Amino acid sequence: MAKIRHNNIIDTVDSVLSLSKKKGIIHLHAEDKVLTGESLILNGKKVLHFGTCGYLGLEHHAALKRGAIDAIERFGTQFPMSRTYISNPLYSELESLIQEMYKVPAVISKNCTLAHQTTIPGIIRQTDLVILDHQAHASIQEAVKKLLGQGVAVEMIRHNNLEMLEDRIKKQRNKYNRIWYMADGVYSMYGDYAPVKEMIALAEKYEQLYLYVDDAHGMSWAGKHGTGYVMSQMDGVLYRKMVLTANLGKGFGACGGLSLFPDEEWYNKVNNFGGPLTFSVQIEPATLGAAIASAKLHLSDEIVTYQQELQKRIDHFNTLLQQTDLPLVHENNSPIFFIGTGTMEMGNYLVKALLNDGIYVNLATFPAVPAKNIGIRITISLKNSFQDIEQLVAKLSYNFKQALVETGQTDEKIRKAFKMPMPAATLLQAPPATIDQTVNLKSYITIQSIKESDWNTYLGHEGMFDWQGMLFLEKSFSNNKQEENNWKFRYFVVTDNKERILLMTFAAIALYKEDMFAPSSVSKVIEQERELNPTYLMAKGLMLGSFFTEGKHMYLDRTSGVWKLALTMLIQELFKEQDREQVSNVMLRDFDADDQEMHEFMVDQGFIKIDLPESCVVENLHGQTEEAYVNALSRKNRRHYVQKIRRNQHYFEVEVKSSLTDEELTHAFLLFKKVKDNNLAINNSLFPEKLFKEININPDWEFIVLYLKEEFSTNRDSVAVCFCHKNSAKVYSPMLIGMDYDYLAEFGIYRQAIFQVINRANELNCTKINFGISATIEKQRIGATTYAKVGYFQAKDNFTMELIEATFMIDRE
């Protein structure tokens, strides 16, 4: 019954990146005839290159080039065999050199992603627990996801939060043989470090704790023999309970992934049968030749000179940044820097402006960073001269200020998004806020502050949230025992300078389940945890509309030339409300899925698009008889009506009641609870009993009640109850349904109930039925039209989303 279309994270990411691609700042093609590392030709223009992960520029080193050429001439372009049988002759030499660098056994994979897919399943057992750092690289998380299907338990902690890690260890250590904490050595977006020494101290405190660390971005520019940042924190000796992965690409200058083990036992398990290692094609001879040359360079004193020269450039960049007000998100001495822009609009604008000014940097966008923490990632390499770096800072400072003006962003908003303090000088010299005289926004805390005629003209005809309906909701969701059932309503009206209404909407602030639209298989697992911890994965959200209503919750005059300004003003007010009420997430919902102009606007404002369940609407009603209505259906749907609905009508007695007795109401509530308990596809909290009592005494509500006739059942109680609202514009909304599951399948109760809603709406001469969401196919079969809807979501961080994505098994439903 509750089958719905769930959001696909790939579609969400695509919708964000497509906008950047359209603006010409990602998926570019270098046009150079020869690459040297200092610059690129993009769109016909030479630009300085500050986006490489080749931190030492070794990919252009003469020795590595010679090694690659020599390998091709001696061994061809590939060695097309599985390593299970025979390895290319160059493998043994490279393995020997890597072991000399690290002093431990190493498995070499074709790349880091395959290294994780080879190593993680080889060392993790069903008796182990995996705890992911929130910002662990996506390649680790993808490898870990495969363990979920094997029954391995996976959890996640916030980034570098060792207190949270220790808390999980204390709670879980009696359940598992080993607890693995997985993290990066150097994080690829902000360039910050894992607290390696503290992690080892924790592993010494708890013998069950083991460490799996990916140092792909720490390789070569740090550590003795370029063995990486993590090894530099262990004085060059791999910790006894750590598996370390590293990269033969990036700073190393070749390609491949390393898995390093503190003992032969783990090495043998992975090397003997690591899935991708066994079944994938080997590293090409040219790459092996380059890697061998690089390994020899790493074992020489030459690497020390390169590391020192790079560090001078990093220090120079840091010194220059300190002379600006640029919001550097994390101060460090790694070659990775992140300048916050907050919104996608400013991020896109700044990257494009820098490109036009001869500078290339990376746009850092969702999902690598939260949607409200967009920025630019700058990498410093040995190929960047000191003069190049000075140009970068000068042009970055100028274009950053221009971007603030052009996009309406402020330094204060950016720093607030990243939880950064404002510089003292900026605080003292902050310009006064400007007030736009074109539009005016007013906000209210009760519908009673807005004229009933105004509200019903612009919004009241859409659904059950007409003026009286909002009064009903305010009363129903206040003064309840459960915190999640006490909602704060906010109303917003934007007018132009002639007092014409441009925008009208409302929002609810409430505690909600963060898996509300997750697949039911995920919610089922989360609900088990909530039996012990009722507020698990619950957060305070601010949602356009409410968690009860469905439909178009915002009037916006798109014919007005200032509609974007009006919507921007609303969004800014929502963010202020978010701060006042300490809300985690904001969602604007129920936009048309095909509205590209709105999509681009919302992504620019720092929101991500998520698919919502389709809305089901029966339109163009005009008081038909049942026969007339059915005759207007398609041939296929008429057949469905005959076979699945009319055939069962003789089982039922149908009554429409304006109110129920106390006993009937209690029974109706229990039937609704059965539906709620059996429907996790839309997983919200159980509505309070007060709501049902208010429905029972409100003249705008009625009940369609189905009973089984005496000859077919001894059950004299109702088997289905539809809770239906009639609004001021004659729109009929069956908002809730309760059903007895003991009779559901045998008598086709659900189909019968929703068709009786159509009959009743026709009796009342209603113009439209809002059938809500879920059970889309069943509603289409009786004449409903479906409308694809999307929401625009912004979270303070990605933690919960990634926790759900990475740690819960998603079954096919």
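In the block above lies the structure referred to throughout.
Report on the accompanying structure. Here the structure is a predicted model, which means the values were calculated and not measured.

Basis of the calculations
- Residues numbered from 1 in each chain as written.
- Predicted model: local features only at pLDDT ≥ 70, side-chain atom pairs only at ≥ 80, totals over all residues.
- Heavy atoms only, no water.
- Helix = DSSP H or I, 4+ residues; strand = E, 2+ residues; numbered from the N terminus.
- Rg over C-alpha atoms; globule rule 2.2 N^0.38 Å.
- Buried < 20%, exposed > 50% of the residue type's maximum accessible area, 1.4 Å probe, protein only.
- Contact = heavy atoms within 4.5 Å.
- Areas by Shrake-Rupley, 256 points an atom, 1.4 Å probe, with all protein chains shown as cover.
- Lys, Arg positive; Asp, Glu negative; His and termini not counted.
- Charge placed at Lys NZ, Arg CZ, Asp CG, Glu CD.
- Pairing = 2+ DSSP bridges.
- 1 Å grid on protein atoms, 1.4 Å probe; cavity = no way out; pocket = protein on both sides within 12 Å on 5 of 7 lines; lining within 4 Å.
- Points joined across faces, edges and corners; volume = space filled by probe spheres on them.
- Nonpolar A, V, L, I, M, F, W, Y, C, P; charged D, E, K, R; others polar.
- Axes fitted to C-alpha atoms, helices over the stretch in contact; angles between N-to-C directions.
- Parallel < 35°, antiparallel > 145°, perpendicular 65-115°, else oblique.
- Left-handed = near helix turned anticlockwise from the far one by under 90°.
- Salt bridge = Lys/Arg side-chain N within 4 Å of Asp/Glu carboxyl O.

A word on the overall build of the chain. If you tally the helices and strands in the chain, you get 29 helices and 26 strands. For a compact globule of 813 residues, the expected C-alpha radius of gyration is about 28 Å, and the chain comes in at 31 Å, within 12% of that figure. Each of the three principal axes of the chain carries a C-alpha extent, and together these read 90 × 65 × 50 Å. For the chain, the proportion of its 813 residues judged to be buried stands at 59%. Within the chain, contacts between residues separated by at least 24 positions form 76% of all contacts whose residues are at least 6 apart in sequence. With an accessible surface of roughly 34,700 Å², the chain has 49% of that area assigned to carbon and sulfur atoms. Distance from the positive charge centre (88 side chains) to the negative charge centre (99 side chains) of the chain: 2 Å.

Right, let's get into the side chain of N384. Within the fold, N384 resides in the loop between β13 (374–379) and α14 (386–407). For N384, a relative accessible area of 0% gives the class buried. Residues within four places of N384 in sequence aside, it is in contact with H49, F50, R313, T379 and I389.

This part covers the sheet that holds strand β11 (residues 359–360). Sheet architecture is open: three strands sit in the order β1-β2-β11, paired in mixed fashion. Among the strands making up the open sheet, the edge pair consists of β1 (39–42) and β11. Note that strand β2 (residues 45–49) and β11 share two bridges and pair parallel. Residue pairing across strands places L48 opposite I359, the latter belonging to β11.

Now for the layout of surface pockets. Its boundaries defined by the atoms lining it, the second largest pocket holds a volume of some 1,600 Å³. Surrounding the second largest pocket, 50 residues form its lining, M189, P367, A368, V369 and E802 being those nearest its centre. Looking at the lining of the second largest pocket, the elements with two or more residues in it are α1 (9–22), α5 (138–148), β12 (362–364) and α29 (799–807). Taken together, the residues that form the lining of the second largest pocket break down as 25 nonpolar, 14 polar and 11 charged.

Bringing the packing of helix α4 (residues 112–123) against helix α9 (residues 264–272) into the picture now. Running from N to C, α4 and α9 point in directions that differ by 120°, and their axes come no closer than 9 Å. Considered as vectors, α4 and α9 are oriented oblique to each other. Here the hand of the crossing between α4 and α9 comes out right-handed. Judged by residue contacts, T118, T119, G122 and I123 of α4 engage W266, K269 and V270 from α9. Considered class by class, the residues forming the contact of α4 with α9 number three nonpolar, three polar and one charged.

This part covers unusual backbone geometry. Here the phi dihedral of N479 falls at roughly 55°; this positive angle occurs in a residue that is not glycine. Unlike most non-glycine residues, L537 shows phi in positive territory, near 50°. Topologically, L537 is positioned in the loop between α19 (520–530) and β17 (538–544).

The next subject is the pattern of salt bridges. Two side chains that carry opposite charge are able to pair once their charged atoms sit near each other. Applying the stated criterion to the full structure yields 43 salt bridges. Between K416 and D579 there is a salt bridge, with the nearest N and O atoms lying 2.4 Å from each other. Of this pair, K416 sits in helix α15 (residues 411–417) while D579 sits in helix α20 (residues 563–581), and the two are 163 residues apart along the sequence. For K416, a relative accessible area of 52% gives the class exposed.

With that settled, consider the pairing of β2. Judged from the four bridges that link them, β1 and β2 form a sheet pairing that is antiparallel. Opposite L42, over in β2, you have K45 as the bridge partner. Connecting β1 to the antiparallel partner β2 that follows it, the hairpin turn spans two residues, and N43 within it adopts a positive phi of roughly 55°.

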